[in-house]
Amino acid sequence: MASFAVSGARLGVVRPGGGGAARSGAERRSGVDLPSVLFRRKDSFSRTVLSCAGAPGKVLVPGGGSDDLLSSTEPAVDTPVESEELQAPDEADLVVEETTSSSAAKTSSTVEVEEKPEPSAAIEGTGETVTDGVAVKAKAPLVEEKPRVVPPPGDGQRIYQIDPMLEGFRNHLDYRYSEYKRMRAAIDQHEGGLDAFSRGYEKLGFTRTAEGITYREWAPGAHSAALVGDFNNWNPNADAMTRNEYGVWEIFLPNNADGSPAIPHGSRVKIRMDTPSGVKDSIPAWIKFAVQAPGEIPYNGIYYDPPEEEKYVFKHPQPKRPKSLRIYESHVGMSSPEPKINTYVNFRDEVLPRIKRLGYNAVQIMAIQEHSYYASFGYHVTNFFAPSSRFGTPEDLKSLIDKAHELGLLVLMDIVHSHSSNNTLDGLNGFDGTDTHYFHGGPRGHHWMWDSRLFNYGSWEVLRYLLSNARWWLEEYKFDGFRFDGVTSMVYTHHGLQVAFTGNYGEYFGFATDVDAVVYLMLVNDLIHGLYPEAVSIGEDVSGMPTFCIPIQDGGVGFDYRLHMAVPDKWIELLKQSDEYWKMGDIVHTLTNRRWLEKCVTYAESHDQALVGDKTIAFWLMDKDMYDFMALDRPSTPRIDRGIALHKMIRLVTMGLGGEGYLNFMGNEFGHPEWIDFPRGPQSLPNGSVIPGNNYSFDKCRRRFDLGDADYLRYRGMQEFDQAMQHLEEKYEFMTAEHSYVSRKHEEDKMIIFERGDLVFVFNFHWSNSYFDYRVGCFKPGKYKIVLDSDDGLFGGFSRLDHDAEYFTADWPHDNRPCSFSVYAPSRTAVVYALAEDE
């Protein structure tokens, strides 16, 4: 049997199986805020049903064993009336400010909907006991586990107490909550609850018992199906599958005579289907591993079921959720200083200790779900249950996560449920030969900018697939939570494209809102927080939707944190102009403009800004001077001095004021001098022009950690400052301190002074003015000392401050503070003071 290497692993193969790729674009719906699936009214004599995308004329029947099949009809709906804007009061000196706009009138919206039926289960008569879908024996838990239960829905009314301005949108929000409760009730009734519903991988895909292997696939559009692979020499007549009335294809392969499994571990497998679009070979939708053979373009599904002795056994308990999150965002493939695709093992051994040493308490890993196009940064997923084979095996990933847990680091996964790759042979697109299998049909099912497919969140089986997917990564790989990508695209029919969110509540709760998607997010957050109470849920939402981070039982969407995406946008806006024109009040407003009781993860720059064609903060500040003047044995330049000083200040003020969590993309902590350019060839455009490639080079698809570590380069000082900043937060926990107060935003002096917990932050953004005996107001009297100084020589500064100096307060009210003390505030310097007894 031939074999091929996959990032350190060797898996048996015989010969290639089909594959291919394709890509395209999309649009958004407008209209009523109702799930897109069709319903039939329930009466006393018939079951209620939910139609299944991709199965015209057939619906999935609730309950076990019934063969009732009913067609669906659409309910009558009165569409809601759009509301006018509402305005929250502005408290300029408070750190937490509301993001709403002015208005005047209340609205009246009514939605009358026929009674909604309960959906059905797709799989019946499958009561055999299986493991996690690939294993025969369950691993013993490290500690005794308590029963995990998803709590029942609340009344969803507290949001109106938290934000009375939501009253004007009660019809929409109450309807949203009623849809969530209806889906929860249907799942409880027909699936046994979210716990059981989210274990789809124990029924669908490959499951193994003591007797043999069962393979099931939901493909209602297919006319026939057969399992093919190395194990049967790709013979489509050898293992034909049978279809039940709900579109689920199934085959059971008994063990061989010697007791070995019919499909050896590592075998390539695909499902061959005769579909409305023709005969095609597809990778199973629930595949747990997929690889790309050398010299081939399409991926192959791998039957992944290693013997017990080869399975990784977790040794370390998962850490408790920290009070404040300090996240190091990472991409395994580009995490080596060498121009290559790095591995899980190398990341485990080389990068995780660095992250711990730098003072971060969580690592967020991108590009975990398999994606056939490397340059998509992992955002065009082809195989949702499979960890990317480019970096190693599933066992390698497990060992990485276990090592992180040993170091006390949370591991967050950058999960993509907002869209899917357009690929038709190694992805979900057109899986059963129809346009509407997992996705919306027509333009609504295509994202025109991302060139990808959009899920139909109103489909019962799509809910099963995505909820089970989230559960799989938490259960099988012990991830500690997720950063959900592209949530704005999910929850609005316009995807947030070419839309400027002004804070008008009608922008969040109107015709453009996709209630199906919002209900899915509520369900997945229910699942995460109910079954994994310590897990973290972060949503990437640029719109700032109110209630996004309010608990579900109170009427919110249920995320723990929202990414504060306005902050990096503001810094890029400011960096395009000289800092002489920066407005201190504008900076403070952007950093503090977040909703009460809704936590944010803030960041100064995103991974997108590190990509070729854009600029990181360091590059905006220092540009080409970074190539010639970062060695300490050479004279600096005014541009370098300015850039290093502002780089540190921008990061500290962002962390100090911006949210309850902080995120940094790897390498940005020391001002990485190179952008990210994935290996690529020339691209031909429809108009005949050609975009040149980079000859598939990995030279810019890596992180030069050696530059940050070199004690002869100025990058070292920037890295040392970032490390000191993280450790300061670890000690004082200022990001989650209840006490927050901005006492000074002085435009002429270019000064920002604020308190966070027991710390006093003093920023002098002036390019030339240093201030002696500058009065700083504070809340607590006593003796203060410097605990962080961006001008420290260790951090590449000029050492203009005496760190042994003591600052005693006087009963001298200043800037609305009861006492104050005087400091020396050098130009372009940030200094943090703490009460001496708190050291």
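Above this text is the structure in question.
As the structure is a computational prediction, the values presented were derived from the model and not from experiment.

Note that phenylalanine 384 resides in strand β17 (residues 383-387). The class for phenylalanine 384 is buried, based on a relative accessible area of 0%. With 32 residues separating them in the primary sequence, phenylalanine 384 and valine 416 have C-alpha atoms 8.4 Å apart.

Let us look at the pairing of strand β9 (residues 248-254). As paired strands, strand β6 (residues 212-218) and β9 are joined by 7 bridges and run antiparallel to one another. The partner of tryptophan 218 across the bridge, within β9, is valine 248. Summarising the sheet, strand β8 (residues 242-243) and β9 pair through 2 bridges and their orientation is antiparallel. Across the sheet, the residue bridging to threonine 242 is glutamate 250, located in β9. Taking the residues between adjacent antiparallel strands as the criterion, β8 and β9 are bridged by 4 residues, where glycine 247 takes a positive phi near 85°.

A sheet is described by the order of its strands in space; here 6 strands give the open sequence β28-β29-β30-β35-β32-β33, paired in antiparallel fashion. Each edge of the sheet is formed by a strand with only one pairing partner; in this case those strands are β28 (740-746) and β33 (807-808). Pairing between strand β32 (residues 783-789) and β33: 2 bridges, direction antiparallel. From the neighbouring strand, lysine 783 faces β33, where its bridge partner is phenylalanine 808. Strand contacts of helix α12 (residues 638-657): β28, β29 (751-756), β30 (759-764), β32 and β35 (829-835), with the helix running at about 40° to β29, the strand carrying the most contacts.

What follows deals with the packing of aromatic side chains. What the rule picks out here adds up to 55 aromatic pairs. Judged by centre distance (5.3 Å) and plane angle (75°), the ring pair of phenylalanine 385 and tyrosine 465 falls under edge-to-face. Placement of the pair is phenylalanine 385 in strand β17 and tyrosine 465 in helix α6 (residues 460-476), with a sequence separation of 80 residues. Relative accessible area serves as the criterion here: at 0%, phenylalanine 385 is assigned to the buried category. Ring centres of phenylalanine 763 and phenylalanine 765 lie 6.0 Å apart, and the angle between their planes is 10°; this geometry places the pair in the stacked category. Here the two residues phenylalanine 763 and phenylalanine 765 agree in accessibility, since each one is buried. When the ring centre of tyrosine 160 is taken as origin, the NZ or CZ atom of arginine 170, which lies over that ring, is 3.8 Å away. For the cation-ring pair, lysine 398 lies above tyrosine 477, with the distance from its terminal atom to the ring centre recorded as 5.3 Å.

Cut-offs applied
Every chain is numbered independently, its residues counted from 1 as its sequence is written. In keeping with the predicted nature of the model, local features appear solely for residues at pLDDT of at least 70, side-chain atom pairs appear and are counted solely at 80 or more, and the whole-chain, interface and lining totals rest on all residues. Values shown for side chains rest on all heavy atoms present in the structure; no hydrogens or waters enter the calculation. Each helix is a run of H or I in the DSSP string that is no shorter than four residues. Each strand is a run of E no shorter than two, and both are numbered from the N terminus. Only protein chains enter the area calculation, which uses a 1.4 Å probe; residues under 20% of their type maximum are buried, those over 50% are exposed, and those in between are partly exposed. Two strands pair if DSSP finds at least two bridges between them. Contacts are residue-level and defined by heavy atoms, with any inter-residue pair within 4.5 Å sufficient. Inter-axis angles, ranging from 0 to 180 degrees, are taken between N-to-C directions of lines fitted to C-alpha atoms, where helices are fitted over the stretch in contact. The aromatic pairing rule takes the rings of Phe, Tyr and Trp, using the six-membered ring of Trp, and pairs them if the centres are within 6.5 Å, calling planes under 30 degrees apart stacked, those over 60 edge-to-face and the rest tilted. Sitting over a ring, as applied to charges here, requires NZ of Lys or CZ of Arg to be within 6 Å of the ring centre and within 35 degrees of the ring normal.

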